[in-house]
Amino acid sequence: MRPVAIAAEFAGTALLLVVIVGSGIAVETLGAAGGTQLFVHAVVVGLGLGALIATFAPVSGAHLNPAVTLGFLLRGRITTRAAGAYVVAQVAGAILGTLIAHASYGKALVSISSRERFGGGLWLGELIATVVLVGVILVLFESERAVHIPAAVGAWVAAAIVAMSSTGFANPAVTVARTATDSYTGIAPASVPMFVVFQIGGALSAVAFVSWHTRQMKQEEPVI
């Protein structure tokens, strides 16, 4: 477990929240219509996340997400100790990134969100968003096509923000940090537990799918 990798997870997740929260504040400030706000926010977050993954992947793997780290842990790609350190760094980085975004727009560093996100449709959206996110990363990584992860993940996250009723948080660290912003991107603290439950469920489902997918691929390998 290299300290530089933990630092990369901290910095990368902090920058991700600067993009998420900052773009949310920006679209509110510009006063665009709701659909335009959502589209602009999705594009900005997708592009930003892709760039961050490409930048930090050589150092830490650029998980930037406890759900992704859980997937790598269950697939035996990271040790329990390293995974724990990653998750702490991700959550701490996400909170710092939210504060930085607020500071950059001259707002109070912390403003607890009052935006409730509660209901079966939203939870289903989080499940689907996280299943696909973690599944795409693991399949590309294990099939030695990791070079495509930044573009694929950025594209999926942008799509999920628009397509999912929950706006596709798909990240427990991001979810926790967004309780500290009472802006377009915020989530009320009471709404967090169920979001995280379904995100973890999505990660577990993705691991189960990848395990099945790997077995099927091995069975179809030609015998020489």
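Structure shown above.
Just so it is clear, the model here is predicted, and its values are computed rather than measured. (Residues numbered from 1 in each chain as written. Predicted model: local features only at pLDDT ≥ 70, side-chain atom pairs only at ≥ 80, totals over all residues. Heavy atoms only, no water.)

(A) Structural context of the side chain of Ser166. Assignment of secondary structure puts Ser166 in the loop between α6 (149-163) and α7 (172-177). Residue classification places Ser166 among the buried residues on the basis of a relative accessible area of 0%. Residues contacting Ser166, with those up to four places away along its chain left out, are Arg117, Leu122, Gly125, Glu126 and Phe195. (Helix = DSSP H or I, 4+ residues; strand = E, 2+ residues; numbered from the N terminus. Buried < 20%, exposed > 50% of the residue type's maximum accessible area, 1.4 Å probe, protein only. Contact = heavy atoms within 4.5 Å.)

(B) Just the layout of surface pockets, in detail. For the largest pocket, the calculated volume is near 240 Å³. Residue assignment for the lining of the largest pocket shows that the elements contributing at least two residues are α2 (34-60), α3 (66-74), α5 (120-142) and α6. If one sorts the elements of the lining of the largest pocket by residue count, α2 sits on top with 3 residues. Classifying every residue of the lining of the largest pocket gives 12 nonpolar, 3 polar and 1 charged. In terms of lining residues, the second largest pocket is bounded by 10 residues, among which Glu142, Ser143, His213, Thr214 and Met217 are the most central. (1 Å grid on protein atoms, 1.4 Å probe; cavity = no way out; pocket = protein on both sides within 12 Å on 5 of 7 lines; lining within 4 Å. Points joined across faces, edges and corners; volume = space filled by probe spheres on them. Nonpolar A, V, L, I, M, F, W, Y, C, P; charged D, E, K, R; others polar.)

(C) Region of the structure containing the packing of α5 against α6. Contact pair α5 / α6: the axes reach a minimum separation of 10 Å and the direction vectors enclose 170°. One finds that α5 runs roughly antiparallel with respect to α6. Counted together, Ile128, Ala129, Val132, Leu133, Val136, Ile137, Leu140 and Phe141 of α5 and Ile149, Ala152, Val153, Trp156, Val157 and Ala160 of α6 form the full contact between these two elements. Class assignment of the residues belonging to the contact of α5 with α6 gives a composition of 14 nonpolar, no polar and no charged. (Axes fitted to C-alpha atoms, helices over the stretch in contact; angles between N-to-C directions. Parallel < 35°, antiparallel > 145°, perpendicular 65-115°, else oblique.)

(D) Spotlight on a nonpolar patch on the surface. The grouping of Phe39, Val40, Val43, Val44 and Leu47 at the surface amounts to a nonpolar patch, some 430 Å² of accessible area in total. Looking at where Val43 falls in the secondary structure, it is placed in helix α2. Judged by its relative accessible area of 33%, Val43 falls in the partly exposed class. (Patch = residues over 30% accessible without salt bridge, like charges linked within 9 Å, V, L, I, M, F, W, Y side chains within 5 Å. Areas by Shrake-Rupley, 256 points an atom, 1.4 Å probe, with all protein chains shown as cover. Salt bridge = Lys/Arg side-chain N within 4 Å of Asp/Glu carboxyl O.)

(E) Structural context of the environment of Ala42. When you line up the elements, Ala42 lands in helix α2. Its relative accessible area of 2% is what places Ala42 among the buried residues. Spatially, the C-alpha atom of Ala42 lies 24 Å from that of Ala190, the residues being 148 residues apart in sequence. Excluding residues within four positions of it along the chain, Ala42 makes contact with Ala158, Ile161 and Val162.

(F) Looking closely at empty space enclosed by the protein. Scanning the entire structure with this criterion turns up 1 cavity of 30 Å³ or more. The calculated volume of the largest cavity comes to roughly 200 Å³. Residue lining of the largest cavity: 21 residues in total, with Leu16, Leu49, Val157, Phe169 and Asn171 positioned closest to the centre. Going through the elements one at a time, α1 (3-30), α2, α5 and α6 are the ones with two or more residues in the lining of the largest cavity. Tallied by class, residues from the lining of the largest cavity come to 16 nonpolar, 4 polar and 1 charged.

(G) Looking closely at the packing of aromatic side chains. Considering all chains together, one arrives at 5 aromatic pairs under this definition. Between the aromatic rings of Phe169 and Phe195, the centroid separation amounts to 5.2 Å while the plane-to-plane angle is 75°, which identifies the pairing as edge-to-face. Taken together, the residues span a long stretch of sequence, with Phe169 in the loop between α6 and α7 and Phe195 in helix α8 (residues 192-219) at a distance of 26 residues. According to the relative accessible area criterion, Phe169 is buried, its value standing at 6%. Taken together, the ring pairs in this structure connect Phe118, Trp123 and Phe198 into an aromatic cluster. The lysine or arginine in question, Arg178, covers the ring of Phe169, its NZ or CZ lying 3.6 Å from the ring centre. (Phe/Tyr/Trp six-rings, centres within 6.5 Å; stacked < 30°, edge-to-face > 60°. Lys NZ or Arg CZ within 6 Å of the ring centre and 35° of its normal.)

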